[in-house]
Structure formats: C-alpha cells, structure tokens
Amino acid sequence: MRRKLTLVVSSLFVIFLVFFLSREISPKQFNKNNLDSNISLDQPIWKVNQTNSPISYNISANRAFQNRTDKKFILEKVVIEEFLDSQVHSSIKSDNAFMDLDLKNLTLSEKVHLNLRLDGKELDLFTNEIILDLMQRAINSSQKIKLRMHLFVLESEGFQIKDREYRNKEISFSKAVFSQEEKEEAVYGKADLIIHNFPSDVLILKGSAEIKFNSSTLKGDEIQFNYKTRTIIKSKNSKLIKS
C-alpha cells in the first residue's frame with residue numbers, strides 16, 4: 001500500500017512540474033518541523049521534458065516531504081540537472097528546495113552551487129538562494145553571489161540568467177565587481193550592471209563603469225572588456241585617467 005501511495009504521489013508531482021503555473025514563493029517557509037506532513041519520499045527522482053525543446057531536467061533529492069494541508073513539497077539535498085541533447089550542461093545543488101505543486105518556480109536555499117558548462121568553458125556560482133523558472137529557463141537571485149571562472153572572479157548583489165538560444169546564456173550581475181590576478185598586472189572592474197553572454201570572452205560593464213589596469217583607470221557609461229585577451233573592445237562616454 002505504501003509503495004502504491006509513493007508511486008501516485010511521484011506521478012502527481014511530475015504532472016504538476018510539466019504544467020508550471022506561476023506565483024512568488026517565500027524561502028521563509030522551509031521549516032519542515034512546522035508542516036502537517038504525512039507523506040515522505042526517500043531519494044525521489046523526477047524527469048521533466050519540455051515540449052518541442054531539446055532541453056530536459058532531472059530533479060533528485062535525498063528526501064521529499066509533502067505538506068498535506070497546503071500541498072507543498074520540501075526537498076532536502078537537492079540536485080537539478082539541465083540536459084541539452086542528452087548532455088548535462090548545467091546543474092544546481094542546494095541543501096533545501098521548496099515548491100508548491102501549482103507553481104512553475106523552485107526556490108533553492110542554503111549552500112546553493114550553480115555550475116554551467118558550455119563549449120569547453122565552466123562557470124561556478126555560489127549564493128544562499130535562487131529562484132529557478134523551468135518554463136522560461138530563467139534563474140534569478142537578489143542575494144550576494146560569488147562567481148569563479150578560470151580567468152576571473154566576480155562578486156555582485158544579485159544576478160539573473162536568461163537563455164539566448166540553447167547554447168548561450170545571458171547573465172546579468174547587479175552592483176558587480178570583478179578581478180583578474182593570475183598574471184603580473186592585475187585587472188579590476190566594477191559597474192552598476194555587468195553582463196556576460198556565457199560562454200563568450202566579453203564582459204559588458206554598464207553604469208558607472210570602471211576598469212583599472214596597467215596603472216591606468218578607464219571610466220565610462222559603458223565598457224566592453226575581453227577578459228581572455230585583457231583588452232578594451234570599446235567604451236562610451238569614457239575617460240582614461242593615468243595613475
């Protein structure tokens with residue numbers, strides 16, 4: 001009887017994941033001790049396919065709890081993998097995740113680690129909370145983040161990721177700073193908004209943009225910087241200041 005109930009609950013959850021209805025969700029509701037929970041799933045795995053899209057998702061957890069009264073799911077030790085043509089090209093791990101059965105959004109919280117892999121490049125992002133929209137293939141957070149790539153590190157007050165076609169992700173960082181310290185001459189940059197069209201080699205700095213390099217500082221409304229070649233591509237309303 002318990003096995004049949006578990007199969008029914010898993011099937012219902014997959015159906016709700018496929019239909020995705022939207023609403024804001026609050027991470028403050030994560031305390032499972034306050035739930036009237038009478039259903040628990042051990043090591044559940046859900047597979048989510050998108051219609052007319054090469055993108056699919058695997059969602060797994062150590063445990064899942066259902067709030068019978070509010071029809072909520074709380075997941076522990078969560079791993080979400082995004083597949084493109086049967087290859088994993090992004091994943092998210094967190095200690096907790098929360099989802100209403102009538103929502104398209106998942107909120108992941110506590111020790112969140114996002115990993116992106118495209119065209120041989122890899123990006124790792126760490127924060128305390130993100131919201132994932134599976135229908136729009138969008139990710140956002142208003143929390144402080146730390147990002148690591150092979151050639152630079154970046155910190156910001158929040159970020160948003162949108163898919164630009166299947167092999168290009170537009171990542172926007174608000175109130176962001178980045179640095180390159182691998183070589184003899186360090187490079188530092190900051191702006192109100194930094195955009196990275198991953199996996200390109202270009203960072204676009206917008207609003208109070210500033211880059212320090214070679215004992216000089218370039219300030220402008222917008223600066224496009226190639227972090228691989230460490231060169232300025234172009235700038236708008238800019239001024240070069242010698243130290």
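The structure this text deals with has already been given above.
Remember, predicted model here, so these are calculated numbers, not experimental data.

Participant: Explain the overall build of the protein to me, using residue names and the numbers behind them.
Facilitator: In terms of regular secondary structure, the protein is built from 1 helix and 17 strands. Burial status across the protein gives 48% buried among its 243 residues. Once local pairs closer than 6 in sequence are excluded, the contacts in the protein between residues at least 24 apart make up 44%. Of the roughly 13,200 Å² of accessible surface on the protein, a fraction of 48% belongs to carbon and sulfur atoms.

Participant: I'd like a rundown of the packing of aromatic side chains, residues and numbers included.
Facilitator: Scanning the model with the defined rule gives 4 aromatic pairs in all. Look at tryptophan 46 and phenylalanine 73: their rings are 6.2 Å apart centre to centre, the planes differ by 75 degrees, and that puts the pair in the edge-to-face class. With tryptophan 46 in strand E2 (residues 45-49) and phenylalanine 73 in strand E4 (residues 72-84), the pair connects residues that are 27 residues apart, well separated along the chain. Grouped by ring-pair contacts, the aromatic residues Phe152, Phe178, Phe225 and Tyr227 constitute a single cluster.

Participant: How would you sum up empty space enclosed by the protein? Please name residues and give values.
Facilitator: Going through the model one piece at a time under the given rule, you end up with 1 cavity of 30 Å³ or more. Approximately 120 Å³ is the volume found for the largest cavity. Around the largest cavity sit 16 residues that line it, and Tyr57, Glu82, Ser90, Leu132 and Ile139 are the ones nearest its centre. Tallied by class, the residues present in the lining of the largest cavity amount to 9 nonpolar, 2 polar and 5 charged.

Participant: How would you explain the pattern of salt bridges if you had to name every residue and give the values?
Facilitator: For the coordinates displayed, the defined rule picks out 9 salt bridges. The partner of arginine 63 in a salt bridge is aspartate 42, and the shortest N-O contact between them spans 3.5 Å. Residue arginine 63 is found in strand E3 (residues 55-67), and its partner aspartate 42 is found in strand E1 (residues 37-42); the two are separated by 21 residues along the sequence. Relative accessible area serves as the criterion here: at 55%, aspartate 42 is assigned to the exposed category.

Participant: Report on the environment of lysine 47, specifying residues and quantitative values.
Facilitator: With respect to the secondary-structure elements, lysine 47 resides in strand E2. Here lysine 47 falls in the exposed class, since its relative accessible area comes to 53%. Sequence separation of lysine 47 and tyrosine 57 is 10 residues, and the distance between their C-alpha atoms is 5.8 Å.

Participant: So, the pairing of strand E8 (residues 138-141): which residues are in play, and what are the values?
Facilitator: On a regular strand, each side chain points to the face opposite its neighbour's, so the side chains alternate between the two faces of the sheet. Strand direction decides the pairing type here: strand E7 (residues 121-133) and E8, joined by 3 bridges, are antiparallel. Bridging from a neighbouring strand, aspartate 133 pairs with alanine 138 of E8. Hairpin connection between E7 and E8: a loop of 4 residues separates the two successive antiparallel strands, and arginine 137 in this loop has a positive phi of roughly 50 degrees.

The rules behind each value
- Residues numbered from 1 in each chain as written.
- Predicted model: local features only at pLDDT ≥ 70, side-chain atom pairs only at ≥ 80, totals over all residues.
- Heavy atoms only, no water.
- Helix = DSSP H or I, 4+ residues; strand = E, 2+ residues; numbered from the N terminus.
- Buried < 20%, exposed > 50% of the residue type's maximum accessible area, 1.4 Å probe, protein only.
- Contact = heavy atoms within 4.5 Å.
- Areas by Shrake-Rupley, 256 points an atom, 1.4 Å probe, with all protein chains shown as cover.
- Phe/Tyr/Trp six-rings, centres within 6.5 Å; stacked < 30°, edge-to-face > 60°.
- 1 Å grid on protein atoms, 1.4 Å probe; cavity = no way out; pocket = protein on both sides within 12 Å on 5 of 7 lines; lining within 4 Å.
- Points joined across faces, edges and corners; volume = space filled by probe spheres on them.
- Nonpolar A, V, L, I, M, F, W, Y, C, P; charged D, E, K, R; others polar.
- Salt bridge = Lys/Arg side-chain N within 4 Å of Asp/Glu carboxyl O.
- Pairing = 2+ DSSP bridges.

These results come straight from atomic positions and should not be treated as a statement about function.
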